[in-house]
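Understanding the architecture of this molecule
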Amino acid sequence: MSNSFFSECEDQFLEIAKILNLEQDIINRLRKPDRVIKVEIPITMDDGSQKTFIGFRSQHNNSRGPYKGGIRFHKNVSEDEVKALSMLMSWKCSLVNIPLGGGKGGIIVDPFQLSETELEKLSRGYVQQIYQYIGSDIDIPAPDVHTNSKIMGWMVDEYSKIAGKNSPAAFTGKPKELGGLEGREEATGYGGVVILDKLKEKINLNPSDIKIAIQGFGNVGYNFANLAYQKGYKITGVSEANGGIEVRDGLNPVETLNCKKEKGTIAGCYCVGSVCDLSKGRTISNEDLLEMDVDVLIPAAIEDVITKENASRIKAGYVIEMANGPVTPEAEEILEERGVIIIPDILANAGGVVGSYFEWLQNKDDCCWNKERTFSGISEKLEKEFDEVWNLSKEKNICFKKAAYFLAVSRIVEAIKKKD
Ligand code: NAD
């Protein structure tokens with residue numbers, strides 16, 4: 001097996017295609033994106049020099065609806081990565097049964113090296129290059145790593161200027177003033193807690209008896225921690241890039257965040273202010289956090305953190321993949337053999353794309369969804385699909401993760417067949 005991210009995703013699809021006994025023409029169609037667009041974006045830098053950046057947009061499949069997926073600004077963006085992520089978006093949108101397909105874009109850039117003016121020029125330049133391939137009924141981009149609502153604001157403005165009309169539904173993740181959705185910020189963490197609640201039903205324990213460790217304390221990790229804490233779950237460890245804390249009696253995410261803001265890191269926060277009073281705590285490394293004695297492990301930072309090296313030392317019985325791709329295929333096999341249940345990213349972190357779907361709907365209908373409606377819509381979708389996957393995994397005697405892919409791919413195949 002090749003090491004490329006896209007090859008890993010392709011292999012994962014081929015495994016499911018085999019179980020589904022798919023025809024070769026459908027396999028050929030779904031094993032690669034429909035289209036990959038590569039563009040050059042020349043911009044004038046603040047010092048007057050010219051610099052050209054490379055950008056991509058990969059459109060994997062639109063059989064169930066327009067392509068949908070984020071735009072990433074990162075120095076490691078590559079064609080391989082956007083292809084892989086666009087495929088995962090197809091499976092994710094299908095699994096949560098929203099009428100959207102899979103897309104992903106990115107620009108090879110370290111955004112922290114650019115001034116705000118340069119960043120705006122780059123964002124607008126990208127839209128000028130891909131304009132003809134995107135749109136509210138074609139392909140709807142959103143924020144991803146190192147892009148945000150401000151950048152989406154510039155992009156949708158550029159798109160509207162070229163189109164000659166206000167086109168809010170062409171992008172999601174926009175500022176609220178430009179048609180953004182209330183609750184989009186918390187949507188991914190919220191969706192993860194909906195999944196946690198479903199697991200709790202299966203484990204048949206009270207939230208206060210369920211110990212949770214969370215890697216990553218950014219948008220997803222923090223919102224997950226805070227919402228789970230409010231429901232009474234016991235968060236006994238959190239970490240971020242430079243380390244974390246273990247608090248055996250449970251920690252308060254808001255106090256931990258305040259401490260992090262004060263100190264610049266959460267490592268050592270257990271003994272600052274009232275967080276310290278909660279219980280005996282200790283500073284731990286990221287590796288320690290993954291191997292903590294907890295019931296549920298939440299990788300919510302980056303990809304490939306649970307590998308064949310540490311999989312046998314994971315003590316949690318359940319892993320909820322809030323990050324994209326945190327468990328490598330080799331680690332997945334080891335965990336599966338040990339009976340650990342993995343709730344895959346395409347379900348666990350799908351609250352974000354469901355929120356984006358609601359934003360798209362509200363823009364198309366020219367109306368406004370409030371936070372309550374957004375959250376209840378996310379709950380309804382994720383609870384239903386969790387049950388479907390759970391039942392399918394029992395019926396087919398396959399693990400939860402494979403059942404999720406089975407359902408996602410089979411829905412797309414049905415759509416293709418209905419069209420052909
Ligand atoms: P973020 O940048 O807000 O937070 C990332 C967190 O991970 C930070 O706390 C950072 O310190 C930590 N981190 C970075 N490198 C680490 C390392 N090597 N070890 C441990 N921790 C590390 O990002 P986010 O929006 O919270 O996204 C987290 C993950 O969730 C990513 O994989 C992203 O693709 C995925 N995701 C996010 C959303 C969303 O709506 N934000 C939706 C779907 C999936």
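Residues numbered from 1 in each chain as written. Predicted model: local features only at pLDDT ≥ 70, side-chain atom pairs only at ≥ 80, totals over all residues. Heavy atoms only, no water.

1. A closer look at the pairing of strand β7 (residues 234-240)
Among the seven residues that make up β7, six are buried, leaving the element largely enclosed by the rest of the structure. Bridge count between strand β6 (residues 211-215) and β7: five bridges; the pairing is parallel. Among the inter-strand pairings, A213 is bridged to a residue of β7, identified as G237. The parallel pair β6 and β7, bridged by helix α7 (residues 219-230), forms a crossover whose chirality is right-handed. With four bridges connecting them, β7 and strand β8 (residues 243-247) associate as antiparallel partners. Directly across from V238, in β8, lies its bridge partner I245. Adjacent in sequence and paired antiparallel, β7 and β8 are bridged by two residues. (Buried < 20%, exposed > 50% of the residue type's maximum accessible area, 1.4 Å probe, protein only. Helix = DSSP H or I, 4+ residues; strand = E, 2+ residues; numbered from the N terminus. Pairing = 2+ DSSP bridges. Right-handed = clockwise from strand over helix to strand, strands pointing away.)

2. Remarks on the environment of N61
Among the secondary structure elements, N61 is positioned in strand β2 (residues 50-61). Spatially, the C-alpha atom of N61 lies 8.8 Å from that of K32, the residues being 29 residues apart in sequence. At a separation of 2.9 Å, a polar atom in the side chain of N61 contacts the main-chain amide nitrogen of S63. (Polar contact = N/O pair within 3.5 Å; in protein donor to acceptor, adjacent residues only side chain to side chain.)

3. Here we look at the site of the ligand
Taken together, 18 residues lie around the ligand, and T188, F217, N219, V220 and A241 are the ones closest in. Interatomic distance of 3.5 Å between a backbone N/O atom of M322 and an oxygen atom of the ligand. Within the complex, the protein chains bury 70% of what would otherwise be the 840 Å² of accessible surface of the ligand. At the level of elements, α6 (184-203) and α7 are the ones that each hand at least two residues to the shell around the ligand. (Near = heavy atom within 4 Å. Areas by Shrake-Rupley, 256 points an atom, 1.4 Å probe, with all protein chains shown as cover.)

4. Section: the nonpolar core
In terms of nonpolar packing, the biggest core is built from 87 residues, with W91, I212 and I320 touching the most fellow members. Ignoring any residue separated from it by four or fewer positions in sequence, one finds W91 in contact with F13, L30, H60, I346, Y405, A408, V409 and I412. Counting 25 residues, the second-largest nonpolar core is a separate cluster that includes V39, M45, F53 and M155. (Core = buried A, V, L, I, M, F, W, Y, C linked by side-chain atoms within 4.5 Å. Contact = heavy atoms within 4.5 Å.)

5. Looking at a negative patch on the surface
A surface patch of negative charge is lined by E303, D304, E330, E333 and E337. With respect to the secondary-structure elements, E303 resides in the loop between β10 (296-299) and β11 (318-320). (Patch = residues over 30% accessible without salt bridge, like charges linked within 9 Å, V, L, I, M, F, W, Y side chains within 5 Å. Salt bridge = Lys/Arg side-chain N within 4 Å of Asp/Glu carboxyl O. Lys, Arg positive; Asp, Glu negative; His and termini not counted. Charge placed at Lys NZ, Arg CZ, Asp CG, Glu CD.)

6. Structural notes on the packing of aromatic side chains
Aromatic ring pairs are reported here in terms of the distance separating the ring centres and the angle at which the planes meet. Scanning the model with the defined rule gives eleven aromatic pairs in all. Ring centres of F386 and W390 lie 5.7 Å apart, and the angle between their planes is 20°; this geometry places the pair in the stacked category. Of the two residues, F386 and W390 both sit in helix α14 (residues 371-396), four residues apart, roughly one turn of that helix. You'll find F386 and W390 in the same group, each marked buried. Three or more aromatic residues link up through ring pairs in this structure, and these residues are Y357, F358, W360 and W369. Across from the ring centre of W390, 4.7 Å away, lies the NZ or CZ of K394, which sits over that ring. (Phe/Tyr/Trp six-rings, centres within 6.5 Å; stacked < 30°, edge-to-face > 60°. Lys NZ or Arg CZ within 6 Å of the ring centre and 35° of its normal.)

7. Brief notes about the side chain of D345
Structurally, D345 can be placed in helix α12 (residues 345-348). No salt bridge forms around the buried D345; measuring N to O, its nearest opposite-charge neighbour K401 is 5.3 Å away. Here G325 takes part through its backbone nitrogen, which lies 2.8 Å from a polar atom of the side chain of D345. Residue contacts for D345: discarding those within four places in its chain leaves K92, E321, A323, N324, G325, A350 and Y405.

8. Some points on the sheet that holds β2
Sheet strands line up and pair through hydrogen bonds in the backbone, either parallel or antiparallel. Strand order across the open sheet formed by five strands is β1-β2-β4-β3-β5, with mixed pairing between neighbours. In the strand order of this sheet, the two ends are held by β1 (35-44) and β5 (139-143), each with one partner. Between one strand axis and the next, the sheet turns through 25° on average, direction left out of account. One ladder, built from five bridges, connects strand β3 (residues 67-74) with β5; its direction is parallel. Note on β5: the bridge partner recorded for G70 is A142. Running over the sheet, helix α4 (residues 116-130) touches β1, β2, β3 and β4 (102-108) and is turned about 140° from β1. (Axes fitted to C-alpha atoms, helices over the stretch in contact; angles between N-to-C directions.)

Read these as layout, nothing more, since geometry by itself doesn't imply function.
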